[in-house]
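These are the residues of each chain, in order.
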Amino acid sequence: MKHFVIIVLVCFASCKAQKETQLQSSENDEMILIAHDAFSGVTEYETMVVRDVKSLNKFYATINKTRKPGLPVPVIDFSKDMALIVCLGERKGQKIPELSKTEESENEVIMAIEMIAPKETKNSENQSVSYPFYVYKVPYTSKSISFQKLRW
């Protein structure tokens, strides 16, 4: 009987933790990081707005040229969502981009890209060179989207 009570208490505690996690993620549902990797093959900074499967497949064909097996293409319902892709070009270090919407008008959305250092930073002498990319899923909009660098 003692073990049964402990199991029931653990189940209730885990259910509450799941609900809290779901609430936290629903607050930030507008922009979700769905894929990233340290090597894109894109040597210069570039951003892309992807509104269809064909364009997303084309991007993944580019980054998968030298990979065996290649990275899987994320599944996005383009009737509701679209993808924002940020290729950072050649980078040295661990900083990651954080996207945020700064302005929105009738015809345009301006997204800010700020480089954030992770909580654990390594010695700058031993940092390797990478060509990272990040794919974010956002709600679909027909407005033009422009990107603005902050604190690079």
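Here we summarise the structure given alongside this text. Everything numeric here is computed off the predicted structure, so don't read it as measured data.

1. Examining helix α2 (residues 53-63)
Looking at α2, one finds that the buried residues are Leu56, Phe59, Tyr60 and Ile63. Looking straight down α2, one finds that the buried residues subtend no more than 95° of arc, so they occupy a single side. Projecting away from the buried face of α2 at angles above 90 degrees are the exposed residues Lys54 and Lys58. Check the buried side of α2 and you find it contacts β1 (32-37), β2 (46-50), β3 (81-87) and β8 (133-139). N-capping of α2 is provided by aspartate 52, with a side-chain oxygen placed 3.2 Å from the backbone N of lysine 54.

2. Some details on the packing of aromatic side chains
Taken as a whole, this structure holds four aromatic pairs when the rule is applied. Taken together, a centroid distance of 5.6 Å and an interplanar angle of 90° make the contact between phenylalanine 59 and tyrosine 60 edge-to-face. Residue classification places phenylalanine 59 among the buried residues on the basis of a relative accessible area of 5%. A residue is classified by how much of its surface remains accessible, and tyrosine 60, at 2% relative accessible area, is buried. The structure contains a cluster of three or more aromatic residues connected by ring pairs, namely Phe59, Tyr60 and Phe133.

3. What to know about the pairing of strand β6 (residues 108-116)
Burial of β6 is extensive: seven of the nine residues sit out of reach of the surface. Summarising the sheet, strand β5 (residues 96-104) and β6 pair through eight bridges and their orientation is antiparallel. By the bridge assignment, glutamate 103 is partnered in β6 with isoleucine 110. The loop that links β5 with its antiparallel partner β6 comprises three residues. As paired elements, β6 and strand β9 (residues 144-150) share seven bridges and run parallel to each other. Bridge pairing in β9 places glutamate 108 opposite serine 144.

4. Focus: the sheet that holds β8
Strands sit in the order β1-β8-β3-β2 across an open sheet of four strands; the sheet is antiparallel. With one partner strand each, in any of the chains shown, β1 and β2 form the two edges of the open sheet. Taken pair by pair, the neighbouring strands of this sheet meet at an average axis angle of 15°, ignoring direction. Pairing of β1 with β8 involves five bridges; the strand directions are antiparallel. Note on β8: the bridge partner recorded for leucine 33 is tyrosine 136. Together, β1, β2, β3 and β8 form the strand contacts of α2, whose direction differs from that of β8 by roughly 170°.

5. So, unusual backbone geometry
Following lysine 68, the chain continues to proline 69 via a peptide bond in cis, the omega torsion being -5°. Tracing the sequence through the fold places proline 69 in the loop between α2 and β3.

6. Brief notes about the nonpolar core
Grouped together as the largest cluster of nonpolar side chains are 15 residues, with contacts concentrated most on Phe59, Tyr60, Ile85 and Val135. Elements represented by at least two residues in this core include exactly β2, α2, β3 and β8. Per element, the largest residue contribution to this core is four residues, and it comes from α2. In terms of nonpolar packing, the next biggest core, distinct from the first, is built from 14 residues, Met31, Met82, Leu88 and Ile113 among them.

The rules behind the values
Residues numbered from 1 in each chain as written. Predicted model: local features only at pLDDT ≥ 70, side-chain atom pairs only at ≥ 80, totals over all residues. Heavy atoms only, no water. Buried < 20%, exposed > 50% of the residue type's maximum accessible area, 1.4 Å probe, protein only. Helix = DSSP H or I, 4+ residues; strand = E, 2+ residues; numbered from the N terminus. Arc of directions from axis to C-beta. Contact = heavy atoms within 4.5 Å. Polar contact = N/O pair within 3.5 Å; in protein donor to acceptor, adjacent residues only side chain to side chain. Phe/Tyr/Trp six-rings, centres within 6.5 Å; stacked < 30°, edge-to-face > 60°. Pairing = 2+ DSSP bridges. Axes fitted to C-alpha atoms, helices over the stretch in contact; angles between N-to-C directions. Core = buried A, V, L, I, M, F, W, Y, C linked by side-chain atoms within 4.5 Å.

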